[in-house]
Amino acid sequence: MTLSRRHLLGALAAAPVATLASPSLLRAASHSAAESATPDLPVAYHSFQIGSARVTALLDGHFLLNTSQINGFDQAEADTVLDGTFYRIKDDQMSLPVNGYLVEQGEAVTLIDAGTADLFGPILGGLEAALRAAGRTPEEITSVVVTHLHPDHIGGLLKSDGTARFPNAEIVVGQGEYDFWHDDAVYAGVPQDSRGFFDIARGAVAPYQDRLKMFEGEAEVMSGLRSVPLPGHTPGHCGFLLETGAAPLLIWGDLIHSTALQFARPDWTLAFDMDPEQTVKSRTMMLDRAASEGLLVTGMHLDFPGLGRVERDGDAYGFDQAPWQFSL
């Protein structure tokens, strides 16, 4: 994928948005506060059955997205899309969740994405507490599968001292995604004050170098879990299709960031989509497929717990949220 300097800098510049999140929004947006590690960060998880697999959505927290970071954003059109819904834009900002997913099948205990840890301050980083509340410890995780190497998906791979948070897990990552963030030529071409994403990506996987598992394209990364390439947001961004004998579940990573806006306006991309044109191509292809096949889908920034089906709505799409007590 050709990555322009403008797209790369736009993506890197988006990182600080998470520090703007409001604790009151965190409390209001959490659907299931089982307990609270701090007054500002609820612990939230939700489990459901997909065939032979038990899947648990884990809430890491929320951040605020500024509308200036949405390419193509139009306030009047947004007002039309949001009319009659619970969604609000306040002070040019919207709240977005960060989710991870635990998949348990027999002896395999797989975590898909690891959240932010302490990279974005105290209003995110709740994934480990949610994992423990759901009955699992980091030591029990056998694999961490990552959709891509952005900080809000891999920050939780490390403890605060820089050691591996998941000491018994292999890290499963796309070869193209890994190669991009570890490409010294690309790194050298990025201004020094904008190399933070690269440093984080490299540092997060460094303690796992002896247990990295790479894959390319569509591949069975483990029993019942197949990669689905969805490039654009990053060069190797992908989702994962869980097929366990029942209707499949697609965990699509960052295909959609804003549940409120991007189903209705799939052409609206974000500043941290590295290749906006390819992002839209991957998004519309996957939304078409999900609607046609009736796929059950979830994602890292869909409203927690982020489970539902895609519907067509003229030239756009809609999202049919699954009932809270869902099992298939």
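Residues numbered from 1 in each chain as written. Predicted model: local features only at pLDDT ≥ 70, side-chain atom pairs only at ≥ 80, totals over all residues. Heavy atoms only, no water.

Within an unreviewed UniProt entry, the label attached to the chain reads Zn-dependent hydrolase, and the organism entered is Phaeobacter inhibens. For the record of the chain, the UniProt heading Sequence similarities (unreviewed entry) holds the text "Belongs to the metallo-beta-lactamase superfamily." (UniProt positions renumbered as here; feature names shortened; annotations may be inferred.)

Visitor: Sorry if this is basic, but what is going on with the overall build of the chain here?
Guide: A count of helical and extended segments in the chain gives 9 helices and 17 strands. Looking at the chain residue by residue over its 328 residues, the buried ones come to 54%. For the chain, the computed accessible surface area is about 13100 Å², with 49% contributed by carbon and sulfur atoms. (Helix = DSSP H or I, 4+ residues; strand = E, 2+ residues; numbered from the N terminus. Buried < 20%, exposed > 50% of the residue type's maximum accessible area, 1.4 Å probe, protein only. Areas by Shrake-Rupley, 256 points an atom, 1.4 Å probe, with all protein chains shown as cover.)

Visitor: What's the story with the pairing of strand β5 (residues 93–105) in this structure? I'm lost.
Guide: Note on strand geometry: in a regular strand, side chains alternate between the two faces of the sheet. Burial within β5 is extensive, with 11 of its 13 residues counted as buried. Relative to β5, strand β3 (residues 53–66) runs antiparallel, the two sharing 12 bridges. If you follow histidine 62 over to β5, its bridge partner there is proline 97. Pairing geometry for β5 and strand β6 (residues 108–112), over 5 bridges, is antiparallel. Bridge pairing in β6 places leucine 102 opposite leucine 111. Here β5 hands over to β6 after 2 residues, with glycine 106 in that stretch at a positive phi of 60°. (Pairing = 2+ DSSP bridges.)

Visitor: Before we go on, may I ask you to explain empty space enclosed by the protein in this structure?
Guide: It is the rolling of a water-molecule-sized probe over the atoms that shows where space remains empty. For the structure on display, the rule yields 2 cavities of 30 Å³ or more. Taken as a whole, the second largest cavity spans an internal volume of roughly 40 Å³. Among the residues making up the lining of the second largest cavity, the classes are represented as 3 nonpolar, 5 polar and 2 charged. (1 Å grid on protein atoms, 1.4 Å probe; cavity = no way out; pocket = protein on both sides within 12 Å on 5 of 7 lines; lining within 4 Å. Points joined across faces, edges and corners; volume = space filled by probe spheres on them. Nonpolar A, V, L, I, M, F, W, Y, C, P; charged D, E, K, R; others polar.)

Visitor: Can you help me understand the pairing of strand β11 (residues 225–229) in this one?
Guide: Of the strand pairs in this sheet, strand β10 (residues 220–222) and β11 are connected by 2 bridges, and their pairing is antiparallel. Among the inter-strand pairings, methionine 222 is bridged to a residue of β11, identified as leucine 225. Here β10 hands over to β11 after 2 residues, with glycine 224 in that stretch at a positive phi of 80°. With 5 bridges connecting them, β11 and strand β12 (residues 238–242) associate as antiparallel partners. Bridge pairing links valine 228 to glycine 239 in β12.

Visitor: Could you clarify how one ought to interpret unusual backbone geometry in this entry?
Guide: Trans is the prevailing form of peptide bonds, just as negative phi is the prevailing case for residues other than glycine. A cis geometry characterises the amide bond from phenylalanine 304 onward to proline 305, with omega recorded as 5°. Of note, proline 305 is situated in the loop between β15 (296–298) and β16 (308–313). Phi at aspartate 113 is positive, roughly 70°, even though this residue is not glycine. Here alanine 117, not a glycine, exhibits a phi torsion of approximately 55°, which is positive. Note that alanine 117 resides in the loop between β6 and α4 (127–133). Owing to a relative accessible area of 13%, alanine 117 belongs among the buried residues under this scheme.

Visitor: I'm lost on the side chain of threonine 279 in this one. Help?
Guide: Its location among the elements puts threonine 279 in helix α9 (residues 276–293). If near-sequence neighbours (up to four positions away) are discounted, threonine 279 is found in contact with Pro231, Gly232, His233, Thr269 and Asp273. (Contact = heavy atoms within 4.5 Å.)

Visitor: Would you mind showing me how to read the pattern of salt bridges here?
Guide: Two side chains with opposite charge may pair up if their charged atoms get near one another. The full count for this structure, using the stated rule, is 12 salt bridges. Put simply, arginine 54 and glutamate 104 hold a salt bridge, and the shortest N to O gap is 2.9 Å. Of this pair, arginine 54 sits in strand β3 while glutamate 104 sits in strand β5, and the two are 50 residues apart along the sequence. Residue classification places arginine 54 among the partly exposed positions, given a relative accessible area of 32%. Between arginine 312 and aspartate 288 there is a salt bridge; the shortest N-O distance is 3.6 Å. (Salt bridge = Lys/Arg side-chain N within 4 Å of Asp/Glu carboxyl O.)

Visitor: How should I be thinking about the nonpolar core in this particular structure?
Guide: For soluble globular proteins, the rule of thumb is that nonpolar side chains tend to be buried together. If you look at the biggest cluster of nonpolar residues, it comprises 33 residues, and the most contacted ones within it are Ile141, Val144, Leu157 and Phe166. Listed by contribution, the elements that provide at least two residues to this core are β6, α4, β8 (170–174), α6 (175–181) and α8 (196–205). The greatest single-element share of this core, amounting to 5 residues, is contributed by α8. If near-sequence neighbours (up to four positions away) are discounted, leucine 157 is found in contact with Ala114, Val144, Thr163, Ala164, Arg165, Phe166, Ile171, Ala204, Val205 and Tyr208. Ile112, Val145, Phe215 and Ala322 belong to the second largest nonpolar core, which has 27 residues in total. (Core = buried A, V, L, I, M, F, W, Y, C linked by side-chain atoms within 4.5 Å.)

Visitor: Teacher, can you tell me more about the side chain of aspartate 303 here?
Guide: Along the polypeptide, aspartate 303 turns up in the loop between β15 and β16. Buried charged residue aspartate 303 carries no salt bridge. Nearest counter-charge: arginine 88, at 12 Å. A distance of 2.3 Å separates the side chain of aspartate 303 from the side chain of tyrosine 87, its partner in a polar contact. Apart from residues lying up to four places away in sequence, aspartate 303 is in contact with Tyr87, Pro97, Thr259 and Gln321. (Lys, Arg positive; Asp, Glu negative; His and termini not counted. Polar contact = N/O pair within 3.5 Å; in protein donor to acceptor, adjacent residues only side chain to side chain.)

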